[in-house]
Amino acid sequence: MVIEAIRDPSSAPFFEAAARGELVVRICPTCDRRARPETVCCLECAYEPLGWTAVSGRATLVSWAVVHPRPSTAVAPSTPSSEATVPVVLAIVELEEGPWLHTRLFDVDPASAHVGLVLQVAFVASGAEQVPVFQGVTGAGGG
Amino acid sequence: MTGSSGAGPVTSGAGAGAGEAAIVGLGITEVGKVYGRTTADFARDAVRLAVADAGLALADVDGLLVSVGLSGGVGMELAVRLGLRDLRMLSVINAWGATAGAQIQLAAMAVSTGMAETVVCVHADAPLAEPGASAGAAYSGGAALRTGFGSAMAANGFAGANPMYALAARRHMEAYGTNDDHLAAVAVGQREWAAMNPLAQMRTPITVAEHHASRWVVEPFRLLDCCLVSNGAVAVVVTTAERSAHLRQPPVHLWGFGQGHPGYVLERGCELGLHTGAVSSGATAMRMAGITAADVDVCQLYDCYTYTVIVTLEDYGFCAKGEGGPFAASGALAPGGSLPTNTGGGQLSSFYLWGMTPVSEAVIQARGQAGERQIDRHDVVLVSGNGGTLDHHATLVLSPHRRS
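Remember, predicted model here, so these are calculated numbers, not experimental data.

(A) How the structure looks around the overall build of chain A. Per the secondary structure count, chain A includes 1 helix and 8 strands. Counting from the amino terminus, helix and strand elements in chain A follow one another as α-β-β-β-β-β-β-β-β. Relative to all contacts within chain A whose residues are 6 or more apart in sequence, the contacts with residues 24 or more apart total 56%.

(B) The arrangement of the confidence of the model for chain A in detail. When pLDDT is averaged across chain A, the result is 89; 86% of the residues are at 70 or more. This model gives residues 73-82 of chain A a pLDDT under 50, and the stretch forms 19 contacts once residues within four places in sequence are excluded.

(C) Highlighting the nonpolar core. V93 of chain A together with A46, V120, C121, V236, V238 and V397 of chain B are the most contacted members of the largest nonpolar core, which has 169 residues in total. Aside from chain neighbours lying at most four places away, what touches V93 of chain A is A59, T60, L61, V62, W100, L101, T103, L119 and F134 of chain A.

(D) View of the environment of A332 of chain B. Counting through the fold element by element, A332 of chain B comes out in the loop between α12 (324-329) and α13 (346-349). A sequence separation of 36 residues divides A332 of chain B from G368 of chain B, and the C-alpha atoms of the two residues are 21 Å apart.

(E) Expanded view of the packing of helix α10 (residues 278-289) of chain B against helix α11 (residues 306-316) of chain B. Residue and element names in this part refer to chain B. Interhelical geometry of α10 versus α11 gives an angle of 50° and a closest axis separation of 8 Å. As far as their axial angle goes, α11 and α10 are oblique. The two elements α10 and α11 meet at a crossing, and its hand is right-handed. Here A278, V279 and G282 of α10 lie close against α11, whose contacting residues are T312, D315 and Y316. By residue class, the composition of the contact of α10 with α11 is 3 nonpolar, 2 polar and 1 charged.

(F) Representation of the interface of chain A and chain B in the model. Opposite the 39 residues of chain A that make contact, chain B presents 31 residues. When contributions to the side of chain A that touches chain B are tallied by element, the ones reaching two or more residues are β4 (58-67), β5 (88-95), β6 (100-105) and β8 (129-136) of chain A. Among the elements that take part in the side of chain A that touches chain B, β4 of chain A stands out by supplying 6 residues, more than any other. Looking at the side of chain A that touches chain B residue by residue, the class counts come to 21 nonpolar, 11 polar and 7 charged.

(G) Spatial organisation of the environment of K33 of chain B. Relative to the assigned elements, K33 of chain B resides in the loop between β1 (21-28) and α2 (39-53). Separated by 12 residues in the primary sequence, K33 of chain B and A21 of chain B place their C-alpha atoms 34 Å from one another.

(H) Layout of α2 of chain B. Residue and element names in this part refer to chain B. With 15 residues, α2 should reach 21 Å at 1.5 Å per residue; the first-to-last C-alpha distance of 21 Å fits that figure. Extensive coverage of α2 is indicated by the burial of 11 of its 15 residues. Every buried residue belonging to α2 is among T39, A40, F42, A43, R44, D45, A46, V47, A50, V51 and D53, and all of these are buried. Packing partners of the buried residues in α2 comprise β1, β2 (63-68), α3 (78-81), β4 (119-125) and β7 (232-240). Phi for G55, located one or two positions after α2, is positive at around 80°.

(I) A look at the sheet that holds strand β8 (residues 252-260) of chain B. All names here are of chain B. Read across the sheet, 9 strands follow the order β3-β2-β4-β7-β1-β8-β11-β10-β9 without closing on themselves; strand pairing throughout is mixed. Edge positions in the open sheet fall to β3 (89-92) and β9 (298-300), since each of these has one partner strand only. Each neighbouring strand pair of the sheet contributes to a mean axis angle of 25°, computed without reference to strand direction.

(J) Fine view of the sheet that holds strand β2 (residues 34-35) of chain A. Residue and element names in this part refer to chain A. Strand order in the open sheet made by the 3 strands is β2-β1-β3, with antiparallel pairing throughout. Taken across any chain shown, the strands that pair with only one partner, and hence form the sheet edges, are β2 and β3 (51-54). Sheet analysis places strand β1 (residues 24-27) next to β2, joined by 2 bridges and oriented antiparallel. When the bridges of β2 are listed, I27 appears paired with R34.

Rules of the game
- All residue numbers refer to position in the chain's written sequence, counted from 1.
- To label them, take the chains in the order written and letter them from A, then take the ligands in the order written and number them from 1.
- Selection of residues for local features in this predicted model requires a pLDDT of at least 70, selection of side-chain atom pairs for listing and counting requires 80 or more, and totals for whole chains, interfaces and linings are taken over all residues.
- Put simply, DSSP H or I for four residues or longer makes a helix, DSSP E for two residues or longer makes a strand, and each gets a number counted from the N terminus.
- Contact between two residues is assigned whenever their backbone-derived C-beta positions fall within 7 Å.
- Values of pLDDT, which run from 0 to 100, indicate the predictor's confidence residue by residue.
- Joined through C-beta atoms within 7 Å, a set of buried Ala, Val, Leu, Ile, Met, Phe, Trp, Tyr and Cys residues constitutes a nonpolar core.
- Partly exposed residues are those whose C-beta has more than 12 but fewer than 20 other C-beta atoms within 10 Å; 20 or more makes a residue buried and 12 or fewer makes it exposed, with C-beta atoms placed from the backbone.
- In this description, a line fitted to the C-alpha atoms serves as the axis of each element, helices being fitted only across the stretch in contact, and the angle between N-to-C directions of two axes falls anywhere from 0 to 180 degrees.
- Reported orientations rely on four angle classes, namely roughly parallel under 35 degrees, roughly antiparallel over 145, roughly perpendicular from 65 to 115, and oblique for the rest.
- Take the far helix as the reference: if the near one is turned anticlockwise from it by less than a right angle, the crossing is left-handed, and if turned clockwise, right-handed.
- Note on residue categories: nonpolar means Ala, Val, Leu, Ile, Met, Phe, Trp, Tyr, Cys or Pro, charged means Asp, Glu, Lys or Arg, and polar means any other residue, Gly included.
- The length a helix should cover is 1.5 Å for every residue beyond the first.
- One requirement defines pairing of two strands: DSSP has to find at least two bridges between them.

Have a look at this one:
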């Protein structure tokens, strides 16, 4: 069973933006603080509702975890990653603007992953939606 | 108090009240791959076993605090199902892996204040549905990952707790040099303890090489870095220190307790993976108990993963930040080591019933009933619980001696 992204009312603006190739995060209209997309209330001044704002899509790597392909067993795979034939590199990335995202590295060899690796958002289709993944930036040393 | 090196407990002017409660009953059902019984069946059994262990009758119980794992199916109705009447305290408590600590803390406060006199705390779970079912599938992620923001994570391959803790562990490894051998040392040491625990699901000794050869679950975690999945239940009975002296079992006194909920804001500067709620929870509990880490004889630390033990040891102050890995690799935690830790095998090797795994072994050690794995010096036993992705922490300081 491959799990597909499905929007709900609170995430609709996020997926709308993703469909345009744009990454958005929450922003507080009173204090300008940016926060992860699922944030509901400003963590500085408690104001809600929060607005949305586009970010650059540039990020650095905070941490990563590798889901290795698992030899098939009698047990039905329960996650998309357990069906994968290549390692899936899950990650926490820090957006240039500060918020962290739980995401996946795309086209990054886990052996070359390191804290501070410079990344750029890309979008991949998942069902009817687009979801953000991050890939290395050619020419950027990272560090 | 006898036998403890700690000068603190007697003379400290800190905290009063925690020492007025004691754990007097422990009930552990059959645990592990036990099929054909529901979570509620296990819960009732554990309560009956704990009350009988204390030398009490169900009619003596006037408080019940219920906890249930992800299998669900147990709630407030447990009281009437057991025929408990005229209770003075009844709640379902949830702080994930910190629940057992939170239950016992509430129970201690209830008996210390006179709100209730005999409070049973129970945790039950039965995630393994049938023989052969995937253990991992039992915890592969809930409704939160099916729609909305969570579904974007799930579409990228996130499922359950394993990747979240793997990300935290990797961060610790990158920041402090914690490595595969350090993680292995935790698993190997605990298996050595488990070999002496008849209740443990996994009792065959393992080597560092076998740890390294076990399959990846989510790198940096291999199979032998991850806790078991178990069916079963554990309950404890909490009453006043005064009354505990007249019951069937040697009392286990509560010297101190605390909680810590860091409220990580996931953004630049976040300490996820590096420091946990154990920092404040441990400080609160040890201050209340009038001890320092140096006074602790035995540790029972929540070990959902090998890494969790390492970061918790650091946060409690048993070693410097970043030194948890080398500390484990020195053999300190294993049989014969300077800080016997997870002496029943922990969640990695004995059974996984949230915070009741470390609590149950702490009670057994504090009573001096651990058989061949009994630690001679067990005057101060430290217990941790940890829930969410290091989001929630609870600490208990236990002792066979009443705080004077």
